[in-house]
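These are the residues of each chain, in order.
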Amino acid sequence: MNSRNFALIAVFLVQLLYGLNYTFAKFLINEGFIKTFGLTLVRVGGATILFWIFGLFLKTEKIDKKDYFTFFLGAVFGVGLNMLLFLKGLELTSPIHASVCLLYTSDA
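For every chain, the first residue of its written sequence is number 1, and the numbers climb from 1 along that sequence. Owing to the predicted nature of the model, reporting of local features is limited to residues with pLDDT of at least 70; listing and counting of side-chain atom pairs is limited to 80 or more, with chain, interface and lining totals taken over all residues. Where side-chain values are given, they derive from all heavy atoms of the structure, hydrogens and water being excluded.

### Considering the overall build of the protein chain
A tally of regular secondary structure across the protein chain gives 4 helices and 0 strands. Numbering of helices and strands starts at the N terminus; helices are DSSP runs of H or I of at least 4 residues and strands are runs of E of at least 2. The order of α-helices and β-strands along the protein chain, N terminus first, is α-α-α-α. With the principal axes as the frame, the protein chain shows a C-alpha extent of 50 × 45 × 40 Å. Note on exposure labels: buried denotes an accessible area under 20% of the residue type's maximum, exposed denotes more than 50%, and partly exposed covers the range between, all computed with a 1.4 Å probe on protein chains only. Across the 108 residues of the protein chain, 12% fall into the buried class. A separation threshold of at least 6 residues defines the contact pool for the protein chain, and within that pool the share at least 24 residues apart is 74%. In this description, accessible areas are obtained by the Shrake-Rupley approach with a 1.4 Å probe, and a residue is regarded as covered only by the protein chains that are shown. Roughly 9,400 Å² of accessible area belongs to the protein chain as shown, and the carbon and sulfur atoms make up 71% of that amount. Positive charges are assigned to Lys and Arg, negative charges to Asp and Glu, while His and the chain termini are left out of the count. One atom stands in for each charge, and that atom is NZ of Lys, CZ of Arg, CG of Asp or CD of Glu. Averaged over its 9 positive side-chain charges, the protein chain has a centre that lies 6 Å from the centre of its 6 negative ones. Two residues form a contact once any of their heavy atoms are found within 4.5 Å.

Structure, rendered in structure tokens:
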């Protein structure tokens, strides 16, 4: 398989998983399998474990001590809080409405 076909398959799979994310998360929350905060913890914790595992096998770069605080803020606000608010909003609406982002502008 050439690299173009591999890239097209990879893009298709990413978009498929992205689209199914709304439906699966809504199903888990609505059916009472897990609450919003728990699902956020499982997703962020699972991603953290996967990144640590991949980090064992990949070449690492030296990170300055001053950048750790920036990484911490990015983790809290860019990942954790973002996902928590997304899942809480998904709990209050349908997967279709959550996946469509409409921008209303006023000409007034």
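### Description of the confidence of the model for the protein chain
Across the protein chain, the average pLDDT comes to 84, with 93% of residues at or above 70. Within the model, the stretch residues 102–106 combines pLDDT values under 50 with 0 contacts to residues more than four positions away or in other chains. A score from 0 to 100, pLDDT tells how confident the predictor is in each residue.

### Some thoughts on helix α2 (residues 36–57)
Spacing of three or four residues puts side chains on the same side of an α-helix, whose turn is 3.6 residues. Taking 1.5 Å of rise per residue, the 22 residues of α2 would be expected to cover 32 Å, and the 32 Å separating its terminal C-alpha atoms lies within 8% of that figure. Among the residues of α2, Thr36, Leu39 and Thr40 are the ones counted as buried. Seen end-on, α2 carries its buried residues on one side only, within an arc spanning 105 degrees. Away from its buried face by more than 90 degrees, α2 exposes Phe37, Leu41, Val42, Trp52 and Leu56. Looking at the buried positions of α2, the neighbouring elements they touch are α1 (3–30) and α3 (68–92). For a helix, the expected span equals 1.5 Å multiplied by the number of residues minus one. In this description, one arc is meant: the one made by directions from the helix axis to the C-beta atoms.

### A word on the packing of α2 against α3
Interaxial angles span 0 to 180 degrees and are taken between N-to-C directions of axes, which are lines fitted to C-alpha atoms, for helices over the stretch in contact. Contact geometry for α2 and α3: axes closest at 9 Å, N-to-C directions at 140 degrees. By the criterion of interaxial angle, the relationship of α2 to α3 is oblique. Here α2 and α3 pass one another in a crossing that is right-handed. Across the interface between the two elements, Thr36, Phe37, Leu39, Thr40, Arg43 and Val44 from α2 touch Val79, Gly80, Met83, Leu84, Phe86, Leu87, Lys88 and Glu91 from α3. Each residue gets one of three labels, nonpolar for Ala, Val, Leu, Ile, Met, Phe, Trp, Tyr, Cys and Pro, charged for Asp, Glu, Lys and Arg, and polar for the others, Gly among them. Looking at side-chain class alone, the contact of α2 with α3 contains 8 nonpolar, 3 polar and 3 charged residues. Each angle receives one of four descriptions, namely roughly parallel if under 35 degrees, roughly antiparallel if over 145, roughly perpendicular if within 65 to 115, and oblique otherwise. By convention the crossing between two helices is left-handed if the near helix lies anticlockwise of the far one by an angle smaller than a right angle, and right-handed if it lies clockwise.

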